[in-house]
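# A look at the structure
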Amino acid sequence: MKYIFGNWKMNGFTEAAALSRSLASKPIPPSATVAIFPPFVSLQTAAKELSGSKIKLGAQDVSAEKSGAFTGDISAEMLKNLGCDYVIVGHSERRALHGESDALVKSKATAAIAAGLKPVICVGESIKERDSGKYLEVITRQIKDSVPSVNSDSYIIAYEPIWAIGSGKTPSCAQITEVHKTIASLLYRDTRAAILYGGSVKASNASEILKSDGVDGVLVGGASLSADEFGKIIEAGN
Ligand code: PGA
């Protein structure tokens, strides 16, 4: 199974209906699980357009709390009720711009699982950490501290090197495999978590990345905002 996930980030509000409708009409290979992650305010629109299609829905973040006085936050139960199956937690943009710690990411993942969602837990090193040769240490710490101690088929991991996000640069397939194998060795017990790669995935490089050893799918940002481009990435999940 190959996971093809599209993270719209803070984009796509006015196009949400048209983009979701267009994706809903694309053929989905039987070997692919496809999901889109629109902003919170577009989840209902996307859910309506995707109903009856094989494409699943996810959100980009979730509160670690169940309910109560948490102005501006959205709970896992709310997302589940809206029709989400997945939620991204610990994206590097939230870690960097909102100061999210590994401990908070772990609580969010735990809350998501408790509500019946599958969290997509993101990890990845900065360019400084890559260049200093410390990247495997950094990723090991992120995995140990952000992933809840539950069966590994309750969550998905996304390896997203920060320097590859939105930059047009991607690691080599060998570099991706090295990190994915390290992550796998830290996680696998009785069950197996899917490990996705994210960072500048496009139609032109998706199939090579998806064929790399240890890669179970891709988390796509910018290229998921075009139905054509994302449709081609979905085909690469064949
Ligand atoms: P990108 O983003 O595909 O635009 O590089 C990936 C991500 O941040 O999930």
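Numbers given to residues run from 1 along each chain, matching the order in which its sequence is written. Confidence filtering applies because this is a predicted model: local features only for residues at pLDDT of at least 70, side-chain atom pairs given and counted only at 80 or more, and all residues used for totals across whole chains, interfaces and linings. The basis for every side-chain value is the complete set of heavy atoms in the structure, and neither hydrogens nor water enter the calculation.

## Looking at the site of the ligand
Nearness here has a simple test: a residue counts as near a molecule or strand if at least one of its heavy atoms is within 4 Å of that partner. Near the ligand lie 13 residues; those nearest to it are Lys9, His91, Glu160, Gly166 and Ser200. Glu160 is positioned such that a nitrogen or oxygen atom in its side chain is 2.7 Å from an oxygen atom of the ligand. N or O atoms within 3.5 Å of each other form a polar contact, as long as, within protein, one can give a hydrogen and the other can take it, and as long as residues adjacent in sequence are counted only when both atoms are side-chain atoms. Between the ligand and Gly166 there is a distance of 2.6 Å, counted from an oxygen atom to a backbone nitrogen or oxygen. Residue-level accessible areas treat just the shown protein chains as cover; the underlying method is Shrake-Rupley with a 1.4 Å probe. Burial of the ligand by the protein amounts to 94% of the accessible area it has alone, namely 290 Å². Nonpolar residues are Ala, Val, Leu, Ile, Met, Phe, Trp, Tyr, Cys and Pro. Charged residues are Asp, Glu, Lys and Arg, and all others, Gly as well, are polar. Partitioned by chemical class, the residues of the shell around the ligand number four nonpolar, seven polar and two charged.

## Here we look at the pattern of salt bridges
What makes a salt bridge here is a side-chain nitrogen of Lys or Arg within 4 Å of a carboxyl oxygen of Asp or Glu, nothing more. Inspection of the entire model under this criterion finds 12 salt bridges. Here Lys108 ties to Asp61 by a salt bridge, and the two come within 2.8 Å at their closest N and O atoms. Taken together, the residues span a long stretch of sequence, with Lys108 in helix α5 (residues 102-114) and Asp61 in the loop between β3 (56-59) and α3 (76-82) at a distance of 47 residues. Pair check on accessibility: Lys108 and Asp61 agree, each one buried. With a closest N to O distance of 2.8 Å, Glu100 and Lys108 form a salt bridge. Of the residues examined, Glu100 reaches a relative accessible area of 6% and is grouped as buried. By sharing partners, the salt bridges in this structure join Asp61, Arg94, Glu100 and Lys108 into a single network. For the purposes of this entry, the term helix denotes a DSSP run of H or I that reaches at least four residues, the term strand denotes a run of E that reaches at least two, and both are numbered from the N terminus. Accessibility here uses a 1.4 Å probe with only protein chains present; expressed as a share of the type maximum, an area under 20% marks a residue as buried, one over 50% as exposed, and anything in between as partly exposed.

## Quick look at the sheet that holds strand β8 (residues 217-220)
Any two strands with at least two DSSP bridges between them are considered paired. In spatial order, the strands read β1-β2-β3-β4-β5-β6-β7-β8; together these eight strands close into a barrel with parallel pairing. If you compare each strand with its neighbour and ignore which way they point, the axes differ by 25 degrees on average. Both strand β2 (residues 32-37) and β3 contribute to a ladder of two bridges, which runs parallel. Paired with Ala35 across the strands is Lys56, a residue of β3. Residue contacts are defined here by distance: any two heavy atoms, one from each residue, within 4.5 Å place the two residues in contact. Lines fitted to the C-alpha atoms define the axes, with helices restricted to the stretch that makes contact. Angles between their N-to-C directions range from 0 to 180 degrees. Along the sheet face, helix α9 (residues 203-211) touches β1 (2-7), β7 (194-198) and β8 and points at about 140 degrees away from the line of β8. Sheet strands touched by helix α10 (residues 227-236): β1, β2 and β8. Its angle to β1, the strand with the most contacts, is close to 165 degrees.

## Some words on the environment of Glu160
Inspection of the secondary structure puts Glu160 in the loop between β6 (156-159) and α8 (173-187). Sequence spacing of Glu160 and Ser126 is 34 residues, and the spatial spacing of their C-alpha atoms is 9.7 Å. In this structure, Glu160 is in contact with His91, Cys122, Val123, Gly124, Ile165, Gly198, Gly199 and Leu219, ignoring residues within four places of it in sequence.

## Focus on the nonpolar core
The criterion is simple. A nonpolar core is a set of buried Ala, Val, Leu, Ile, Met, Phe, Trp, Tyr and Cys residues joined through side-chain atoms within 4.5 Å. Ile4, Ile36, Ile157 and Ile183 are the most contacted members of the largest nonpolar core, which has 57 residues in total. With residues up to four places along the chain from it excluded, the contact list for Ile157 reads Ile121, Val123, Ile143, Val147, Ile183, Leu187, Ala194, Ile195 and Leu196.

## What to know about a nonpolar patch on the surface
Each patch is built from salt-bridge-free residues with over 30% relative accessible area, joining like charges within 9 Å and nonpolar side chains (Val, Leu, Ile, Met, Phe, Trp, Tyr) within 5 Å. Together, Phe13, Phe40 and Val41 make up a nonpolar patch on the protein surface, roughly 310 Å² of accessible area in all. Tracing the backbone through its elements, the reader meets Phe13 in the loop between β1 and α1 (16-24). Residue class for Phe13 comes out exposed when judged on its relative accessible area of 53%.

## Re the side chain of Arg130
Residue position: Arg130 is located in helix α6 (residues 127-131). Aside from chain neighbours lying at most four places away, what touches Arg130 is Glu125, Tyr135, Tyr159, Trp163, Gln175 and Val179.

## A look at the environment of Lys80
Relative to the helices and strands, Lys80 is located in helix α3. The partly exposed category is assigned to Lys80, whose relative accessible area is 33%. Distance from Lys80 to Ala109, taken between C-alpha atoms, is 14 Å for residues 29 residues apart in sequence. Each residue touching Lys80, except ones within four places of it in the same chain, is listed here: Asp85, Ala115, Gly116 and Leu117.

The quantities given are spatial measurements derived from coordinates; they are silent on function.
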